[in-house]
Amino acid sequence: MSTDVRLGADGRARCAWVGDDLEYARYHDEEWGVPLHGDRALFEKMSLEGFQAGLSWITILRKRPRFREVFAGFETEAVAAFGDDDIARLMTDAGIIRNRAKIEATISNARLVLELEPGELDAFMWSFAPASHRRPATFADVPAITAEAAAMSKALRKRGFRFVGPTTMYALMQSAGMVDDHVDGCWRVAP
């Protein structure tokens with residue numbers, strides 16, 4: 001078995017980044033790489049990927065229930081209405097990442113999503129999904145940035161979105177199933 005996959009306690013071979021963490025295994029098996037649609041769902045994904053910048057995804061995944069609670073389920077209308085008191089409240093909440101720039105970006109991004117027509121964020125983001133994507137054989141083959149992710153980042157930034165750099169947007173493309181980066185030997189690889 002390749003070092004890029006790891007056999008779990010349940011006998012399934014998974015991408016090695018999962019390790020032995022049961023929540024990570026669940027996320028890998030049920031969410032990562034599964035096509036995700038919907039403005040609210042993609043706004044949440046964009047927000048959490050932005051909070052992840054500079055941190056490990058498992059940190060965000062473990063804090064995701066609290067993020068959802070304090071950010072009103074990532075309902076854009078509710079988040080867009082957040083003000084200074086909400087920012088102060090969030091800055092004292094140890095259950096999330098207390099980074100003022102990321103909190104303010106999430107609120108600002110929600111306001112920008114509200115300027116779009118329903119379904120427009122979904123269609124816009126998915127328009128950058130590559131028509132074809134070569135699934136990586138090994139982790140060495142997984143890029144940090146692709147031309148599509150860079151284009152998505154540039155287009156979002158042009159619209160005023162923040163914490164949407166090309167590496168962050170490629171991570172979103174992976175997690176939202178716009179690309180399939182499960183490596184050879186992983187049980188999730190389609191036959």
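In this text, all values refer to a predicted model and were calculated from it rather than measured experimentally. (Residues numbered from 1 in each chain as written. Predicted model: local features only at pLDDT ≥ 70, side-chain atom pairs only at ≥ 80, totals over all residues. Heavy atoms only, no water.)

Owing to its 3.6 residues per turn, the α-helix brings residues three or four apart onto one side. The terminal C-alpha atoms of helix H6 (residues 100-114), which comprises 15 residues, lie 21 Å apart, in line with the 21 Å expected from a rise of 1.5 Å per residue. Three or more residues of H6 are buried, namely Lys 102, Ile 103, Ala 105, Thr 106, Ile 107, Asn 109, Ala 110, Leu 112 and Val 113. On its buried face, H6 sits against helix H2 (39-52), helix H4 (76-80), helix H5 (84-91) and helix H7 (120-126). A distance of 3.0 Å separates the backbone nitrogen of Ala 101 from a side-chain oxygen at the start of H6, and that oxygen is part of Asn 99. (Helix = DSSP H or I, 4+ residues; strand = E, 2+ residues; numbered from the N terminus. Expected span 1.5 Å × (residues − 1). Buried < 20%, exposed > 50% of the residue type's maximum accessible area, 1.4 Å probe, protein only. Contact = heavy atoms within 4.5 Å. Polar contact = N/O pair within 3.5 Å; in protein donor to acceptor, adjacent residues only side chain to side chain.)

Before going further, it helps to examine the UniProt feature "binding site: Zn(2+)" (unreviewed entry) in the protein. Summarizing the sequence annotation, UniProt attributes the feature "binding site: Zn(2+)" (unreviewed entry) to Cys 15, His 28, His 182 and Cys 186 in the numbering used throughout. Spanning 172 residues, the named residues nonetheless gather at one spot, since no C-alpha pair among them exceeds 10.3 Å. Locating His 28 in the fold gives a position in helix H1 (residues 22-30). Contact partners of His 28, with chain neighbours within four places excluded, come to Arg 14, Cys 15, Trp 17, Val 18, His 182, Cys 186, Trp 187 and Arg 188. Relative to the assigned elements, Cys 186 resides in the segment after helix H9 (166-175). Overall, Cys 186 belongs to the buried group, its relative accessible area being 5%. Setting aside residues no more than four positions away along its own chain, Cys 186 makes contact with Val 5, Ala 13, Arg 14, Cys 15 and His 28. (UniProt positions renumbered as here; feature names shortened; annotations may be inferred.)

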